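Descriptive analysis of the structure
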Amino acid sequence: MTNKPLMAKATAVWLVDNTTLSFKQIADFCGMHELEVQGIADGDVAAGVKGFDPIASNQLDQSEIDKAEKDPLHKLKLKFNKAALGEDKRRGPRYTPLSKRQDRPNAILWLVKFHPELADAQIARLVGTTKPTIQSIRERTHWNIQNMTPIDPVALGLCRQSELDMEVQKAAKKAAADGVMSDDERRKLVSTEQSLGMPDEPRLPSAIAGLENFTSSDLREDNEGEEKQDYSDADSFFNLPDSDEDDEDDDK
């Protein structure tokens, strides 16, 4: 039996518009990521999707919604549906609606650009495409590469944020097992939720960048490399030239 309501994204749209439930409560009930629900509220995700009433479809009780609105920690419970017994998860390639298939190259370009650690098989699972298409976009040999714009597949509705985060974490574990990663590579492999929770790193102004490793020993080495001169004699210090005209002025 599935734990998600029918038409989960449309149900989330309805709950966002008609209740005061938190994003986390809606995300847990609909099997979505909290940031994806926030995108629905901001109008960035599921634009144009008509809300689906879970109460009218006998998937949720109004009393359950009232209880969850009073207690932010309460999790919504899907009503028991006998028709859903024995329902298995569908296996096979991801189905992409005809209206969204033209956006798949832009989503692949976004994944290749911002998550180059993802394997072709992972990208194919996320957006439902083929490996030759991914390879052509990686190598920039795709016939329409000049007109492509990288767009987040979550914003396009091609995959869920939770699915993207799961694939990124898998890539991070694989890269960590293969060898040591640099700081930049490690930051790329964290999930969106983890990256948003990271504190900002202090940055040095560009004018003094590179001076953090400077020591006084470097200055001593530079001074030792210079030729030492004896300045005990004033004439040698100022390098005053001998002039006959000065002697004539003194005689006058």
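Structural notes, computed from the coordinates. Numbering of residues starts from 1 in each chain and follows the order in which that chain's sequence is written. Per-residue local features of the predicted model are confined to residues with pLDDT of at least 70, and side-chain atom pairs are confined, for both listing and counting, to 80 or more; whole-chain, interface and lining totals are unaffected and use all residues. As a rule here, side-chain values cover all heavy atoms of the structure and leave hydrogens and water aside.

Okay, the overall build of the protein next. Per the secondary structure count, the protein includes 14 helices and zero strands. Note on conventions: DSSP H or I runs of at least 4 residues are helices, E runs of at least 2 residues are strands, and numbering of each starts at the N terminus. Written out in order from the N terminus, the α and β elements of the protein read α-α-α-α-α-α-α-α-α-α-α-α-α-α. Burial classes follow relative accessibility: with a 1.4 Å probe on protein chains only, a residue under 20% of its type's maximum area counts as buried, one over 50% as exposed, and anything between as partly exposed. In the protein, buried positions account for 30% of the 252 residues. A total of about 17700 Å² of accessible surface is found on the protein, and carbon and sulfur atoms cover 50% of it. Residue burial considers only the protein chains on display, and all accessible areas are found by Shrake-Rupley using a 1.4 Å probe.

The subject of this paragraph is the packing of helix α6 (residues 120-127) against helix α7 (residues 131-138). Fitting a line to C-alpha atoms yields each axis, with helices limited to the stretch in contact; the angle taken between N-to-C directions then spans 0 to 180 degrees. Orientation of α6 relative to α7, taken along the N-to-C sense of each, is 115°, at an axis distance of 9 Å. By the angle between their directions, the pair α6 and α7 is classed as roughly perpendicular. Crossing handedness for the pair α6 and α7: right-handed. Only Lys131, Ile134, Gln135 and Arg138 of α7 make contact with α6, whose side of the interface consists of Asp120, Ala121, Ile123 and Ala124. Polar here means any residue outside two lists: the nonpolar Ala, Val, Leu, Ile, Met, Phe, Trp, Tyr, Cys and Pro, and the charged Asp, Glu, Lys and Arg; Gly therefore counts as polar. The class makeup of the residues in the contact of α6 with α7 is four nonpolar, one polar and three charged. In this scheme, roughly parallel covers angles under 35 degrees and roughly antiparallel covers those over 145, while 65 to 115 is roughly perpendicular and the rest are oblique. By convention, the crossing between two helices is left-handed when the near helix turns anticlockwise from the far helix through less than a right angle, and right-handed when the turn is clockwise. By definition, residues are in contact when any of their heavy atoms lie within 4.5 Å.

The next point concerns the side chain of His142. Position of His142 relative to the elements: it lies in the loop between α7 and α8 (153-156). On the basis of relative accessibility, which here comes to 13%, the residue His142 falls in the buried class. By the criterion applied in these results, polar contacts are pairs of N or O atoms within 3.5 Å in which, for protein atoms, one can donate a hydrogen and the other can accept it, and in which residues neighboring in sequence qualify only through two side-chain atoms. Of the polar contacts made by the side chain of His142, one reaches the backbone nitrogen of Asn144; its length is 3.0 Å. With residues up to four places along the chain from it excluded, the contact list for His142 reads Thr133, Ser136, Ile137 and Met148.

Turning our attention to the pattern of salt bridges. When a carboxyl oxygen of Asp or Glu is within 4 Å of a side-chain nitrogen of Lys or Arg, the pair counts as a salt bridge. Across all of its chains, the model carries six salt bridges by this definition. A salt bridge links Asp28 to Lys24; the shortest N-O distance between them is 3.7 Å. Within this pair, Asp28 and its partner Lys24 are both found in helix α2 (residues 23-30), separated by four residues, close to a single helical turn. Asp28 sits in the partly exposed class, given a relative accessible area of 37%. Classification of Lys24 by relative accessible area gives partly exposed; the value is 47%.

The subject of this paragraph is the packing of α2 against helix α3 (residues 34-42). One can describe the packing of α2 onto α3 by two numbers: an axis separation of 8 Å at closest approach and a directional angle of 115°. Classified by the interaxial angle, the pair formed by α2 and α3 is roughly perpendicular. Here α2 runs over α3; the crossing is right-handed. Of the residues in α3, those in contact with Phe23, Lys24, Ile26 and Ala27 of α2 are Glu34, Val37, Gln38 and Ala41. Here the contact of α2 with α3 is composed, by residue class, of five nonpolar, one polar and two charged.

With that out of the way, let us pick up the nonpolar core. Nine residue types can take part in a nonpolar core, namely buried Ala, Val, Leu, Ile, Met, Phe, Trp, Tyr and Cys, and a core is a set of them joined through side-chain atoms within 4.5 Å. Judged by nonpolar contacts, the single largest core of 22 residues is most densely connected at Ile108, Leu111, Leu118, Ile123, Leu126, Val127 and Leu164. Residue assignment for this core shows that the elements contributing at least two residues are α5 (104-114), α6, α7, α8 and α9 (161-178). Per-element accounting of this core gives the leading share, six residues, to α5. Residues within four places of Leu164 in sequence aside, it is in contact with Trp110, Leu111, Leu118, Leu126, Asp152 and Val154. Core analysis: the next-biggest nonpolar cluster, separate from the first, contains 20 residues, Trp14, Leu21, Phe29 and Cys30 among them.

Time to look at α5. The element α5 is extensively covered by neighbouring structure, given that nine of its 11 residues are classed as buried. Those residues of α5 lying buried are Arg104, Pro105, Asn106, Ala107, Ile108, Leu109, Trp110, Leu111 and Val112. In this structure, the buried side of α5 is in contact with α6, α7, α8 and α9.

Right, let's talk about the side chain of Thr19 for a bit. Within the fold, Thr19 resides in the loop between α1 (8-18) and α2. What makes Thr19 buried here is its relative accessible area of 13%. One polar contact links the side chain of Thr19 to the main-chain carbonyl oxygen of Leu15, over a distance of 2.4 Å.

Quick look at unusual backbone geometry now. Phi at Met7 takes a positive value of approximately 50°, unusual for a residue other than glycine. For Met7, the position within the fold is in the segment before α1. A positive phi angle is found at Arg140, which is not glycine, with a value near 55°. For Arg140, the location among the structural elements is in the loop between α7 and α8. Taking the relative accessible area as the measure of exposure, Arg140 reaches 52% and is therefore exposed.

Read these as spatial facts, not as claims about activity.
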